[in-house]
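Below, each chain spelled out in residue letters.
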Amino acid sequence: MKLETLESEAPPIGSPFDLRVSVSEKVNETDMRSAMDSGDWGFFHSFTTGSAVDGPGVRVVGWLSGCQFRCVFCHNPDTWKVTNGTPIRVERAVEVVAQYRQGLRTMKGGLTISGGEPLLQYRFLSKLFPAVHKRGIHTTLETNGYFGARLTDEDLTSIDLVMLGLKAIEPDLHRRLTGMENKPSHEFARRLAARKHPVWIRFVVVPGCTDNMAAVDRMAEFAAGLGNVERVDVLPFHQMGRFKWEKLGMEYQMKDAKPPSRETVDEVLSRFRSVGLKAV
């Protein structure tokens with residue numbers, strides 16, 4: 001099946017909490033790989049407008065499909081597979097975003113690309129972000145940073161803000177939580193710091209995992225030491241994605257976990273603020 005058969009007029013409208021599976025499953029693997037290698041197509045899980053929590057101002061957000069992390073607390077495990085995304089040509093994606101340009105400027109917002117892990121589709125981003133940026137639209141990349149080295153310095157010039165998700169400061173815990181090392185993510189953080197590139201850090205408070213205050217202090221020290229972190233978003237773990245694990249027939253290790261208490265979240269916030277960071 002050719003990509004043109006599945007392409008829609010626009011990225012799929014809806015929340016990332018909508019379950020999407022096997023959208024592009026029948027696409028020939030060679031065709032899919034060729035499309036990703038060229039950067040001419042992006043595979044979108046979902047697309048929404050009016051977000052006030054995915055970067056500055058009010059934003060258009062595109063969630064790309066595909067992720068190399070296997071976070072045990074992930075609320076969107078259906079974004080792990082590229083085949084769960086709808087193929088969209090880069091030109092069409094730019095057109096869709098550009099039609100919101102005036103409103104985005106008025107509301108001091110822009111475009112945020114999230115995932116999944118969008119840097120799995122870095123060639124697509126290397127075409128999308130410059131085209132959008134050229135139209136005067138603020139651009140934000142939300143990433144776990146693992147594939148940050150795939151972005152050239154020129155690529156970074158068209159990305160106004162990087163929202164970097166740091167899962168855990170300790171390598172062993174990071175491997176247990178995500179299945180991957182945290183060194184590449186930290187190296188990307190340091191590279192952005194050297195460039196004085198604006199960064200927001202996102203940190204999820206997972207009960208029994210990332211709520212150890214000594215470890216939070218080490219994460220706060222790492223973030224503060226970078227010198228380019230404008231803000232830290234402290235995000236409480238939640239169970240909104242539990243149904244996806246069940247629908248996908250996947251074992252969910254966090255099924256009995258409770259969201260962190262208000263007191264725990266406030267303490268995490270205070271630890272980041274104590275080293276001079278803005279934490280919200």
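Residues numbered from 1 in each chain as written. Predicted model: local features only at pLDDT ≥ 70, side-chain atom pairs only at ≥ 80, totals over all residues. Heavy atoms only, no water.

J.: Could you clarify how one ought to interpret the pairing of strand E8 (residues 229-236) in this entry?
T.: One face of the sheet, then the other: side chains in a regular strand alternate in exactly this way. For strand E7 (residues 199-205) and E8, the ladder comprises seven bridges, and the chain directions are parallel. Counted as the bridge partner of Arg202 is Asp233 from E8. Once the chain exits E7 it traverses helix H9 (residues 213-226) before rejoining the sheet at E8, and the crossover so formed is right-handed. (Pairing = 2+ DSSP bridges. Helix = DSSP H or I, 4+ residues; strand = E, 2+ residues; numbered from the N terminus. Right-handed = clockwise from strand over helix to strand, strands pointing away.)

J.: Looking at this structure, I do not really get a positive patch on the surface. What am I missing?
T.: Positive charge collects at one region of the surface, where Arg101, Arg105, Lys134 and Arg135 lie side by side. Its relative accessible area of 45% is what places Arg105 among the partly exposed residues. (Patch = residues over 30% accessible without salt bridge, like charges linked within 9 Å, V, L, I, M, F, W, Y side chains within 5 Å. Areas by Shrake-Rupley, 256 points an atom, 1.4 Å probe, with all protein chains shown as cover. Salt bridge = Lys/Arg side-chain N within 4 Å of Asp/Glu carboxyl O. Lys, Arg positive; Asp, Glu negative; His and termini not counted. Charge placed at Lys NZ, Arg CZ, Asp CG, Glu CD. Buried < 20%, exposed > 50% of the residue type's maximum accessible area, 1.4 Å probe, protein only.)

J.: How should the sheet that holds E7 be read in this particular structure?
T.: Pairing between the strands of a sheet comes from backbone hydrogen bonds, and it takes one of two forms, parallel or antiparallel. If you walk across this open sheet you meet the eight strands as E3-E1-E2-E4-E5-E6-E7-E8, and the pairing is mixed. Two strands bound the open sheet, and with one partner strand each, they are strand E3 (86-89) and E8. If you compare each strand with its neighbour and ignore which way they point, the axes differ by 30° on average. The sheet contact formed by strand E2 (residues 59-64) and strand E4 (residues 110-114) spans five bridges and is parallel. (Axes fitted to C-alpha atoms, helices over the stretch in contact; angles between N-to-C directions.)

J.: How do you make sense of the pattern of salt bridges when you look at a structure like this?
T.: Proximity of charged atoms lets side chains of opposite charge pair with each other. Enumeration according to the criterion identifies 17 salt bridges in this entry. With a closest N to O distance of 2.8 Å, Lys244 and Asp78 form a salt bridge. Taken as a pair, Lys244 in helix H10 (residues 242-247) and Asp78 in the loop between E2 and E3 lie far apart in primary sequence, 166 residues in all. Asp78 matches Lys244 in its accessibility class, with the two residues each being buried. Two residues, Glu95 and Arg92, come together in a salt bridge whose shortest N-O distance is 2.9 Å. With Glu95 and Arg92 both in helix H3 (residues 90-98), this residue pair falls three residues apart, about one helical turn. On the accessibility criterion, Glu95 (45% relative accessible area) is partly exposed.

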